[in-house]
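Given next are the chains, with one letter for each unit.
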Amino acid sequence: HHETDQDQLRGLRLAGADPAVIYLSKAAANFLIVTTVELIALAAMTVFFDVAIPQRPAMLAVLLLATTSIVGAGTLLAALLAASRMREALLPVLLLPLSAPAVMAAAAATARLLSPTGGPVLVEIRLLLAFTALFLAAAVLVFDYVIEE
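Report follows, based on the coordinates. (Residues numbered from 1 in each chain as written. Predicted model: local features only at pLDDT ≥ 70, side-chain atom pairs only at ≥ 80, totals over all residues. Heavy atoms only, no water.)

**What to know about the overall build of the protein chain**
Filter applied, for reference: Every helix listed is a DSSP run of H or I at least four residues long, and every strand listed is a run of E at least two residues long, numbered separately from the N terminus. The classification of residues rests on relative accessible area computed with a 1.4 Å probe and restricted to protein chains. Under 20% of the type maximum is buried, over 50% is exposed, and intermediate values are partly exposed.
Secondary structure summary: the protein chain contains 6 helices and 0 strands in total. Its helices and strands taken in sequence order, the protein chain reads α-α-α-α-α-α from the N to the C terminus. C-alpha atoms of the protein chain, sized along the principal axes, occupy 55 × 30 × 25 Å. With 149 residues in all, the protein chain has 31% of them scored as buried.

Take a look at the structure:
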């Protein structure tokens, strides 16, 4: 059952919960789920493909910022599409182009960090940071309008 079916969002709003807190809570829960899947995937990658994950702060920054960017966009889109009958089909179709800058920056940075020659990834981290800050700020500001009926 979806939130609109059980009126949880309506209950949270009637209880006086701040829409920004609702959004950030949903995003934090989604972040934990996606991070868990990422950690499992990283472990599998090191075992099956014999790839050494760099123990550098830049790698951690790329993973955390990319995850936050994609989760932030996905959480807002999921709320926007909650009342739609086509929500399961529309979410990936809309999320992919919206999160493309974060995905491309994270992929470029990860490729560089995993490369034997390496190289700086400051440009990609700045892009991820900007996208994350912009999207989270916009989502917090508009979430009140998104969850209105």
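From this point, things continue past the structure.
**Concerning the nonpolar core**
Applicable threshold: The nonpolar core is taken to be a set of buried Ala, Val, Leu, Ile, Met, Phe, Trp, Tyr and Cys residues, with the residues joined through side-chain atoms within 4.5 Å.
Ranked by size, the top nonpolar core spans 31 residues in total, and within it Val62, Leu76, Leu128 and Phe143 carry the most contacts. At the level of secondary structure, the elements contributing two or more residues to this core comprise helix H3 (19-48), helix H4 (57-80), helix H5 (87-114) and helix H6 (122-146). With 10 residues, H4 is the single largest residue contributor to this core.

**Observations concerning the packing of aromatic side chains**
Heads up, the rule is: Each aromatic pair joins two rings of Phe, Tyr and Trp (for Trp, the six-membered one) with centres within 6.5 Å, and gets the label stacked for planes under 30 degrees apart, edge-to-face for over 60, and tilted for any other angle.
Evaluation of the coordinates by the stated rule reveals 2 aromatic pairs. For the ring pair Tyr23 and Phe143, a centre distance of 5.3 Å and an interplane angle of 50° mean the geometry is tilted. With a gap of 120 residues between them, Tyr23 in helix H3 and Phe143 in helix H6 connect regions that are remote in the sequence. One exposure class covers both Tyr23 and Phe143, and it is buried.

**Concerning the pattern of salt bridges**
Defined as follows: Within this document, salt bridges are pairs made up of a side-chain nitrogen of Lys or Arg and a carboxyl oxygen of Asp or Glu, the two lying within 4 Å of each other.
Inspection of the entire model under this criterion finds 2 salt bridges. For Glu88, the salt bridge identified is with Arg87, shortest N-O distance 3.6 Å. The partner of Arg112 in a salt bridge is Glu124, with the nearest N and O atoms 2.9 Å apart. Of this pair, Arg112 sits in helix H5 while Glu124 sits in helix H6, and the two are 12 residues apart along the sequence. Overall, the relative accessible area of 29% leaves Arg112 in the partly exposed class. Residue Glu124 is classed as buried on the basis of its relative accessible area, which comes to 10%.

**A short note on the environment of Thr35**
Inclusion rule: Any N or O atom pair separated by 3.5 Å or less is treated as a polar contact, with the protein-specific requirement of one donor-capable and one acceptor-capable atom, and with residues adjacent in sequence counted only for side-chain atom pairs.
In this fold, Thr35 is placed in helix H3. When its relative accessible area of 17% is taken as the criterion, Thr35 is described as buried. Each C-alpha atom, one on Thr35 and one on Asp18, is 26 Å from the other, the two residues being 17 residues apart in sequence. A polar contact is formed between the side chain of Thr35 and the backbone oxygen of Phe31, at a distance of 2.7 Å.

**Re a nonpolar patch on the surface**
What counts, and what does not: A patch is a set of surface residues, each over 30% in relative accessible area and not in a salt bridge, joined within 9 Å for like charges and within 5 Å for the nonpolar side chains Val, Leu, Ile, Met, Phe, Trp and Tyr. Only the protein chains shown count as cover for residues, and the accessible areas themselves come from Shrake-Rupley with a 1.4 Å probe.
Taken together, the side chains of Met86, Leu90, Val93 and Leu94 define a hydrophobic patch exposed on the protein surface, amounting to about 340 Å² of accessible area. For Met86, the position within the fold is in the loop between H4 and H5.

**Quick look at H5**
The cut-off we apply is this: A residue's bend is the angle separating two fitted axes: one through the seven residues that end there, the other through the seven that start there. Working rule for contacts: check all heavy atoms of both residues, and any pair within 4.5 Å makes them a contact.
Of all bends in H5, the biggest is about 60°, found at Ala100, and the proline Pro101 comes one to four residues later. Those residues of H5 that fall on the buried side of the exposure criterion are Arg87, Leu95, Ser99, Ala102, Ala105, Ala106, Ala109 and Leu113. In this structure, the buried residues of H5 make contact with H4 and H6.

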